[in-house]
Amino acid sequence: MKPTDFGIPMDKTTKKAVSIQNLTKYYGSFKALDDVSFEVGRGDFFAFLGPNGAGKTTTINVITGLSNYQSGQVNIFGYNTTTQYTQSRRLVGLCAQEFNFDPFLTLHQLLVYQAGYFGIVPKTASKRADELLERFQLMEKRNLRHRALSGGMRKRLLICRALIHDPAILILDEPTAGCDLELKYMVWEYLQQLNREGKTIFLTTHYMEEAEKLCKTIGIIHKGRIVRIGDKKEVLQDKTLEAVFLEVTASG
Amino acid sequence: MITNPIGVIALSKREIVRFMAVSSQTILPPLVSSALFMYIFGVAIGNRIAFEATGFSYLGFLVPGLMTMHLISSAYENTSSSLFIARWHNHIQEVLLAPLSYFEMVLGLLAGGIARGVMVCAGVYGISFFFSPMGVVHPFLLSYFIINIAVIFSCAGMMGALWAEDFGMLNLWNVYVIIPLVFMGGVFHPMTMLPPLIQTISKFNPMFYLVNGIRYSVIGVTDAPLLSCVVLSLILALGFFFLTVYLFKRGYKLRT
């Protein structure tokens, strides 16, 4: 076991960042996830695609512990997300779709408290928060509340919050939805840099070019079932991702 | 049992900073209303109440009741509003995603309720010095009751916040259950002033024991057996705490 910068225990021999086996999840009588099984390798850049309502966000919520599930097993770097949830959660950073920030806190306070929940002392947290705010060009807004930010700035703040504890895997739920081109390229570049540094990236997006450009492996979910998964070449087979996507999700 | 102390401290600090930032809405109002209660009921009306037989002035009897009443409402309001707003804005996810055990989450949220309750309770006691200075007969026992009562109603506030679907529902428990029980628990009157039937019914009101626990600690007089007050407050505090931890563990209205 080797601690990362913030003392997170990591088993270096674990090759699977995410391992999901036979996951089934219902909302009432609606089966949102139907016997889903797949793995994401350590250091991978994984695109998780699917039409609206296919089960992408539900899968993310299960991985991060925001949703209960009826059967199956989910492990993050070997830690079970139900029985070893405090260990597994240390390793995950989530950039959610919605802007769910505490309205009473400034940007800097928000990041420092979030780091604190992950066991990072205030001095280190403050330094890390400033680094991220600088990196995502939010330093000028450091002492403002999130309501003072534009939509693009809030997106960046979501990413800062997800990264504050230096997670081993970063999960992004449509991070560039509604972003202008400049921000989109900035996010892409930063995600690629993080991936080169060894971070596992789990990305959901509706932009096929984004997935095609950034990712090494691709999984497609449709009506709660995995319908295609593999490395990029294997999934594409000389077609465009858009063509593959439309082909496997054609059943309505 | 606590594996992430920094996380618990961070959450506790956030909860305390939250209510302190709006102290004019969270700390000041109960102090102002207590001062008015003390002046109107304790001084203006209280001097006309034949209370000498108890060995205390009516104001002396009233102060511990007011301390308990505001301790209860402050602890309840703090956690219920904080957790409900966090659910409403969905920034509760910040806590749910963190490597805090459910025990630690509840502990962190509890800190705000306890801190606010203790501050208001101490403030009410402080205000009483302007009307009639009095010492505390059993300070350790007073701390014991204050902490237990703050835990009970901070946890009740969290449960209310989890149960509520809108702001209207959030106040239902407070308005229709807690406040009536507190008023009937002997905040303003000794039980002996009530008809025998009501006295008997009051013995089933848990607030009666909590109010009397605080009153005994401050002025050394109680209508309820002290042992009952000590044991019941501890059982309720532990029961409410672990029930709240269980609800968090189950993800009741927290996880889909």
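Only a predicted model underlies this, so the values are computations on that prediction, with no experimental measurement involved. (Residues numbered from 1 in each chain as written. Chains lettered and ligands numbered in written order. Predicted model: local features only at pLDDT ≥ 70, side-chain atom pairs only at ≥ 80, totals over all residues.)

## Considerations on the overall build of chain A
Point 1. Of the regular secondary structure elements, chain A holds nine helices and 12 strands.
Point 2. For 252 residues, the compact-globule estimate of 2.2 N^0.38 gives 18 Å, and chain A sits close to it at 18 Å.
Point 3. By principal-axis analysis of the C-alpha atoms, chain A measures approximately 50 × 40 × 35 Å.
Point 4. For chain A, the proportion of its 252 residues judged to be buried stands at 46%.
Point 5. In chain A, 66% of the contacts between residues at least 6 apart in sequence involve partners at least 24 apart. (Helix = DSSP H or I, 4+ residues; strand = E, 2+ residues; numbered from the N terminus. Rg over C-alpha atoms; globule rule 2.2 N^0.38 Å. Buried ≥ 20, exposed ≤ 12 C-beta atoms within 10 Å, placed from the backbone. Contact = placed C-beta atoms within 7 Å.)

## Things to note about the overall build of chain B
Point 1. Along the backbone of chain B there are 11 helices and zero strands.
Point 2. Against the compact-globule benchmark of 18 Å for 256 residues, chain B has a radius of gyration of 19 Å, which places it among compact chains.
Point 3. Structurally, chain B occupies a C-alpha span of about 60 × 35 × 35 Å along its principal axes.
Point 4. In chain B, buried positions account for 48% of the 256 residues.
Point 5. The long-range fraction of contacts in chain B, counting pairs at least 24 apart against all pairs at least 6 apart in sequence, stands at 80%.

## With respect to the nonpolar core
Point 1. Counting residues in each nonpolar core, the largest one holds 146 residues, and the members touching the most others are C160, I169 and I171 of chain A.
Point 2. When residues in this core are grouped by element, the largest group, 15 residues, is from helix α4 (residues 58-89) of chain B.
Point 3. Residue contacts for I169 of chain A: discarding those within four places in its chain leaves A17, V18, I76, L91, V92, T200 and F202 of chain A. (Core = buried A, V, L, I, M, F, W, Y, C linked by C-beta atoms within 7 Å.)

## A short note on the pairing of strand β11 (residues 217-222) of chain A
Residues and elements named next belong to chain A.
Point 1. Most of β11 is tucked away, with six of its six residues classed as buried.
Point 2. Judged by which residues are buried, β11 turns out to be covered on both faces: T217, G219 and I221 on one side and I218, I220 and H222 on the other are all buried.
Point 3. Where strand β5 (residues 45-49) lies against β11, four bridges are found, and the strand directions are parallel. Its bridge partner lying in β11, L49 is registered against I220.
Point 4. Two successive antiparallel strands, β11 and strand β12 (residues 225-231), enclose a turn made up of two residues, where K223 displays a positive phi of approximately 50°. (Pairing = 2+ DSSP bridges.)

## Here's the deal with unusual backbone geometry
All names here are of chain A.
Point 1. Backbone geometry places E174, a non-glycine residue, at a positive phi of 50°.
Point 2. In this model, Q237 sits at a positive phi of 45°, which is unusual for a non-glycine residue.
Point 3. Along the polypeptide, Q237 turns up in the loop between α8 (232-236) and α9 (241-248).
Point 4. Residue Q237 is classed as exposed on the basis of its 9 C-beta neighbours within 10 Å.

## Remarks on the interface of chain B and chain A
Point 1. If you look at the interface, chain B gives 24 residues, while chain A gives 25 residues.
Point 2. Of all the elements in the fold, those that place two or more residues in the side of chain B that touches chain A are α1 (5-21) and α5 (93-96) of chain B.
Point 3. Broken down by element, the side of chain B that touches chain A gets its largest block of residues, seven residues, from α1 of chain B.
Point 4. By residue class, the composition of the side of chain B that touches chain A is 10 nonpolar, 10 polar and four charged. (Nonpolar A, V, L, I, M, F, W, Y, C, P; charged D, E, K, R; others polar.)

## Thoughts on helix α1 (residues 56-64) of chain A
Point 1. Summarising burial for α1 of chain A: nine of the nine residues are buried, a large majority.
Point 2. Just downstream of α1 of chain A, G65 of chain A is the residue with a positive phi angle, here 90°.

## Some thoughts on the packing of helix α3 (residues 107-117) of chain A against α1 of chain B
Describing two packed helices takes the angle between their axes plus the distance from one axis to the other.
Point 1. Remark: α3 of chain A packs on α1 of chain B, axes separated minimally by 7 Å, with the N-to-C direction vectors making an angle of 145°. Across the interface between the two elements, Y113, G116 and Y117 of chain A of α3 of chain A pack against I6, G7, A10, L11 and R14 of chain B of α1 of chain B.
Point 2. Counted by class, the contact of α3 of chain A with α1 of chain B contains five nonpolar, two polar and one charged residues. (Axes fitted to C-alpha atoms, helices over the stretch in contact; angles between N-to-C directions.)

## A few points about the sheet that holds strand β7 (residues 79-80) of chain A
Residues and elements named next belong to chain A.
Point 1. If you trace the four strands from one edge of the open sheet to the other, you get β4-β3-β6-β7, paired in antiparallel fashion. Edge positions in the sheet fall to β4 (30-41) and β7, since each of these pairs with one other strand and no more.
Point 2. Bridging between strand β3 (residues 16-27) and strand β6 (residues 71-76) involves five bridges; their strand directions are antiparallel. When the bridges of β6 are listed, Q21 appears paired with Q73.

## Comments concerning the environment of T204 of chain A
Residues and elements named next belong to chain A.
Point 1. When you line up the elements, T204 lands in strand β10 (residues 200-204).
Point 2. When the C-alpha positions of T204 and A47 are compared, they lie 5.7 Å apart, and in sequence the two are 157 residues distant.
Point 3. Contact partners of T204, with chain neighbours within four places excluded, come to F48, K56, I60, D173 and E174.

## A look at the sheet that holds strand β8 (residues 92-95) of chain A
Residues and elements named next belong to chain A.
Point 1. Across the sheet, which stays open at both edges, the six strands sit in the order β8-β9-β10-β5-β11-β12 with mixed pairing between neighbours. Strands at the two margins of the open sheet, each flanked by one partner only, are β8 and β12. The average angle at which neighbouring strand axes cross in this sheet is 15°, direction not considered.
Point 2. Packed on one face of the sheet, α1 meets β5, β8, β9 (169-173), β10 and β11 and runs near 150° to β9.

## Description of the packing of α4 of chain B against helix α6 (residues 102-128) of chain B
All names here are of chain B.
Point 1. Across the interface, α4 lies against α6 with an axial gap of 8 Å and an inter-helix angle of 150°. One way to sum up the angle between α4 and α6 is to call them roughly antiparallel. The two elements α4 and α6 meet at a crossing, and its hand is right-handed. Listed contacts from α6 to V63, L66, M67, H70, L71, S74, A75, N78, T79, S82 and L83 of α4 are L109, G112, G113, I114, R116, G117, V120, C121, V124, Y125 and S128.
Point 2. Counted by class, the contact of α4 with α6 contains 12 nonpolar, nine polar and one charged residues. (Parallel < 35°, antiparallel > 145°, perpendicular 65-115°, else oblique. Left-handed = near helix turned anticlockwise from the far one by under 90°.)

## Looking at the confidence of the model for chain B
Point 1. Counting all residues, the mean pLDDT for chain B is 93, and 99% of those residues have values of 70 or more.
Point 2. Interface confidence in the predicted complex, given as ipTM, is 0.89; pTM for the same model is 0.91. (pLDDT = per-residue confidence, 0-100.)

## Brief notes about the confidence of the model for chain A
Residue and element names in this part refer to chain A.
Point 1. Across chain A, the average pLDDT comes to 91, with 94% of residues at 70 or higher.
Point 2. Ranking the elements of chain A by mean pLDDT puts strand β1 (residues 2-3) last with 40 and α3 first with 97.
Point 3. Confidence drops under pLDDT 50 across residues 1-5; counting only partners more than four residues distant or on other chains, this segment forms 11 contacts.

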